[in-house]
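Architecture at a glance
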Amino acid sequence: MLSIARSALRPSIAAAARRFVVPASSLHTLPELPYAYNALEPHISGQIMELHHTKHHQTYVNGLNAAEESYAKALSPKEQIKLQSALKFNGGGHINHSLFWRNLAPTSSGGGHLPPNSSLAKAIQEDFGGLDALKKKMNATTAAIQGSGWGWLGYNSDTKKLEIVTTANQDPLLTHTPIIGIDIWEHAFYLQYKNVKVDYLNEIWSVINFEEANARYEEAIKA
Amino acid sequence: MSFTPGVHTLPDLPYPYDALEPYISRQIMELHHKKHHQTYVNALNSAEQAYAKALTPKERIALQAALKFNGGGHINHSLFWKNLAPSASVQKGNGGALKDGPLKQAIEQNFGSLENLIQQFNATTAGIQGSGWGWLGVNPTTKRLEITTTANQDPLLTHFPIIGVDIWEHAFYLQYLNVKVDYLKAIWSVINFEEAEARFVEATK
């Protein structure tokens with residue numbers, strides 16, 4: 001009788017065990033660019049945009065999916081901790097680039113144009129004294145990153161101000177709500193600007209999508 | 001004898017800009033040396049001069065990042081130019097040729113073979129998450145050859161440097177684009193094993 005009870009139990013234990021298995025996370029995919037590869041010319045070349053999107057960002061997506069798959073199978077804290085840097089690097093790369101494509105726009109669709117009556121324009125005036133002052137400060141801060149990384153205009157929900165911050169490598173921005181991100185990894189500009197990153201930083205403002213930035217800002221101040 | 005701040009100069013390359021072709025292009029060598037390395041030299045000199053004028057610990061500490069970044073950049077690139085040489089495989093020099101001797105012996109002892117070293121070194125260096133350097137170094141305690149990495153322009157302090165490979169994107173992007181594994185395979189044809197052996201002998205004296 002015990003053996004019948006035991007075999008009756010086995011299928012339900014198996015079923016219970018299956019419920020505790022972490023389901024495979026939905027696979028991340030490379031988001032499409034909202035514009036053609038050459039649409040940001042002459043400010044960012046089509047060659048860079050294509051490599052940056054189809055090679056660099058795709059590699060982060062693939063790396064993230066592989067890391068998440070391994071994480072789901074990890075059986076101990078030690079194994080999980082070992083996977084943290086792959087998750088941070090590839091997850092951050094995917095987050096950062098996804099934000100980046102959307103905060104760029106062709107000049108023909110408003111890239112480079114800050115709508116003067118937008119909440120963002122008013123905040124930039126208040127917190128920096130105007131767009132030119134913001135650009136100068138953000139470019140200086142971003143150019144000074146010692147290695148690879150990102151320059152950010154972010155919203156600080158504690159101070160209720162726009163602030164310029166940086167992240168190293170592919171670290172995602174966690175301390176602020178991202179409003180505008182600028183990739184300063186060499187792959188983002190080298191083919192076109194070589195070592196002259198200050199030229200890239202000057203040019204990129206002509207294709208910053210201020211409408212998207214304003215939408216992010218309005219969302220951030222609501223929260 | 002005292003330290004004179006701010007008098008570092010860009011060392012000349014031991015070979016012409018096109019000497020490492022086809023493995024590393026002339027265009028890259030020229031930009032890398034005349035622009036990137038020169039910038040580290042200039043900024044190191046400025047940082048040292050500022051440091052010499054600093055009046056407080058706080059001011060000195062505020063300058064540490066600039067000294068480390070630019071000092072490290074100058075050290076690393078100075079080592080790099082010397083551990084590269086025109087390639088034997090295109091009859092331009094001895095680059096890529098590991099002759100019998102203490103270095104070859106140590107490589108075989110610690111890694112099994114040069115091929116194994118290259119495979120491990122390249123995997124480790126390609127795995128750097130950001131900018132940095134891959135190093136073959138001598139562990140000062142065990143005197144063994146080990147593969148290690150440094151981030152950004154941090155100088156190698158834990159080991160005696162034997163071979164350094166720059167994996168900042170400016171080191172390869174114009175020629176290899178995103179395919180850094182191809183750069184890492186190619187560079188071994190221009191590694192100056194004679195210089196590496198001289199460093200090894202010094203490190204293991």
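Residues numbered from 1 in each chain as written. Chains lettered and ligands numbered in written order. Predicted model: local features only at pLDDT ≥ 70, side-chain atom pairs only at ≥ 80, totals over all residues. Heavy atoms only, no water.

What follows concerns the overall build of chain A. In terms of regular secondary structure, chain A is built from 9 helices and 3 strands. Going from N to C terminus, chain A has its helices and strands arranged as α-α-α-α-α-α-β-β-β-α-α-α. Within chain A, buried positions represent 46% of all 223 residues. For chain A, the share of sequence-separated contacts (at least 6 apart) that also reach a separation of at least 24 residues comes to 68%. Total accessible area on chain A stands at roughly 11600 Å², and carbon and sulfur atoms take up 56% of it. (Helix = DSSP H or I, 4+ residues; strand = E, 2+ residues; numbered from the N terminus. Buried < 20%, exposed > 50% of the residue type's maximum accessible area, 1.4 Å probe, protein only. Contact = heavy atoms within 4.5 Å. Areas by Shrake-Rupley, 256 points an atom, 1.4 Å probe, with all protein chains shown as cover.)

It is worth spelling out the packing of aromatic side chains at this point. Throughout the structure, instances matching the rule amount to 20 aromatic pairs over all chains. Note on Trp133 of chain B and Trp135 of chain B: the rings are 5.7 Å apart at their centroids and 20° apart in plane angle, and the pair reads as stacked. Since its relative accessible area comes to 0%, Trp135 of chain B is described here as buried. Seen in terms of ring centroids, Phe172 of chain B and Tyr183 of chain B are 5.1 Å apart; in terms of plane orientation they differ by 25°. Their pairing is stacked. A residue pair is termed long-range when its members are at least 10 positions apart, and Phe172 of chain B in the loop between strand 3 (160-166) and helix 5 (173-176) and Tyr183 of chain B in helix 6 (residues 180-187) qualify at 11 residues. Tyr183 of chain B shares its class with Phe172 of chain B; the two are buried. Here the aromatic residues Phe100, Trp101, Trp150 and Trp152 of chain A are joined through ring pairs into a cluster of three or more. (Phe/Tyr/Trp six-rings, centres within 6.5 Å; stacked < 30°, edge-to-face > 60°.)

Under the UniProt annotation, "binding site: Mn(2+)" (unreviewed entry) lies at His32, His77, Asp166 and His170 of chain B. Annotated residues spanning 139 residues; largest pairwise C-alpha distance 12.4 Å, indicating a single compact cluster. Note on placement: His32 of chain B falls in helix 1 (residues 26-53). Assessed through its relative accessible area of 1%, His32 of chain B is described here as buried. The residues touching His32 of chain B, leaving out its near neighbours within four places in the chain, are His37, His77, Phe80, Trp81, Asp166, His170 and Ala171 of chain B. Following the sequence through the fold, His170 of chain B ends up in the loop between strand 3 and helix 5. Excluding its chain neighbours within four sequence positions, the residues that come into contact with His170 of chain B are Glu186 and Tyr190 of chain A together with Ile28, His32, His36, Tyr40 and His77 of chain B. In terms of polar contacts, His170 of chain B uses its side chain to reach the side chain of His32 of chain B, at 3.0 Å. (UniProt positions renumbered as here; feature names shortened; annotations may be inferred. Polar contact = N/O pair within 3.5 Å; in protein donor to acceptor, adjacent residues only side chain to side chain.)

Let us now look at the interface of chain A and chain B. Listed by partner, the interface residues are 17 residues for chain A and 18 residues for chain B. Summed over both partners, the interface of chain A with chain B buries about 1800 Å², with 57% contributed by carbon and sulfur atoms. The largest contributions to the chain A side of the interface with chain B come from Gln146, Glu186 and Tyr190 of chain A, which together make up 35% of the buried area. Applying the counting rule to chain A against chain B returns 0 salt bridges. One can count 8 residue pairs in polar contact (both at pLDDT 80 or more) joining chain A with chain B. A breakdown of the residues in the side of chain A that touches chain B according to their chemical character gives 6 nonpolar, 8 polar and 3 charged. (Buried area = accessible area lost by both parts, 1.4 Å probe. Salt bridge = Lys/Arg side-chain N within 4 Å of Asp/Glu carboxyl O. Nonpolar A, V, L, I, M, F, W, Y, C, P; charged D, E, K, R; others polar.)

Residue and element names in this part refer to chain B. Burial runs high along strand 1 (residues 132-138): 7 of the 7 residues are buried. Covered by surrounding structure in strand 1 are Gly132, Gly134, Leu136 and Val138 together with Trp133, Trp135 and Gly137, the residues of both alternating faces. By the bridge criterion, 7 bridges tie strand 1 to strand 2 (residues 145-151) in an arrangement that is antiparallel. Bridging from a neighbouring strand, Gly134 pairs with Thr149 of strand 2. Where strand 1 meets strand 3, 6 bridges bridge the pair, whose relative direction is antiparallel. Bridging from a neighbouring strand, Leu136 pairs with Ile163 of strand 3. (Pairing = 2+ DSSP bridges.)

This next bit is on the UniProt feature "domain: Manganese/iron superoxide dismutase C-terminal" (unreviewed entry) in chain A. UniProt feature "domain: Manganese/iron superoxide dismutase C-terminal" (unreviewed entry): in the numbering of this structure it lies at residues 117-216 of chain A. Helix makes up 42% of residues 117-216 of chain A and strand makes up 23%, while its end C-alpha atoms are separated by 16 Å.

A separate point is the domain arrangement of chain B. All names here are of chain B. The assigned domain composition of chain B is domain 1 (26-82) and domain 2 (102-203). Contact residues are listed per partner, giving 16 residues for domain 1 and 21 residues for domain 2. Interface of domain 1 and domain 2: buried area, both sides summed, is about 1500 Å²; carbon and sulfur atoms make up 65% of it. Among the residues domain 1 hides against domain 2, the three largest losses belong to Ile28, Asn76 and Phe80. Together they make up 38% of the total. (Domains from an automatic or database assignment.)

All names here are of chain B. Across the sheet, 3 strands lie side by side as 2-1-3; this open sheet has antiparallel pairing. Each end of this open sheet is capped by a strand with a single partner; those strands are strand 2 and strand 3. The average undirected angle you get between the axes of adjacent strands in this sheet is 25°. (Axes fitted to C-alpha atoms, helices over the stretch in contact; angles between N-to-C directions.)

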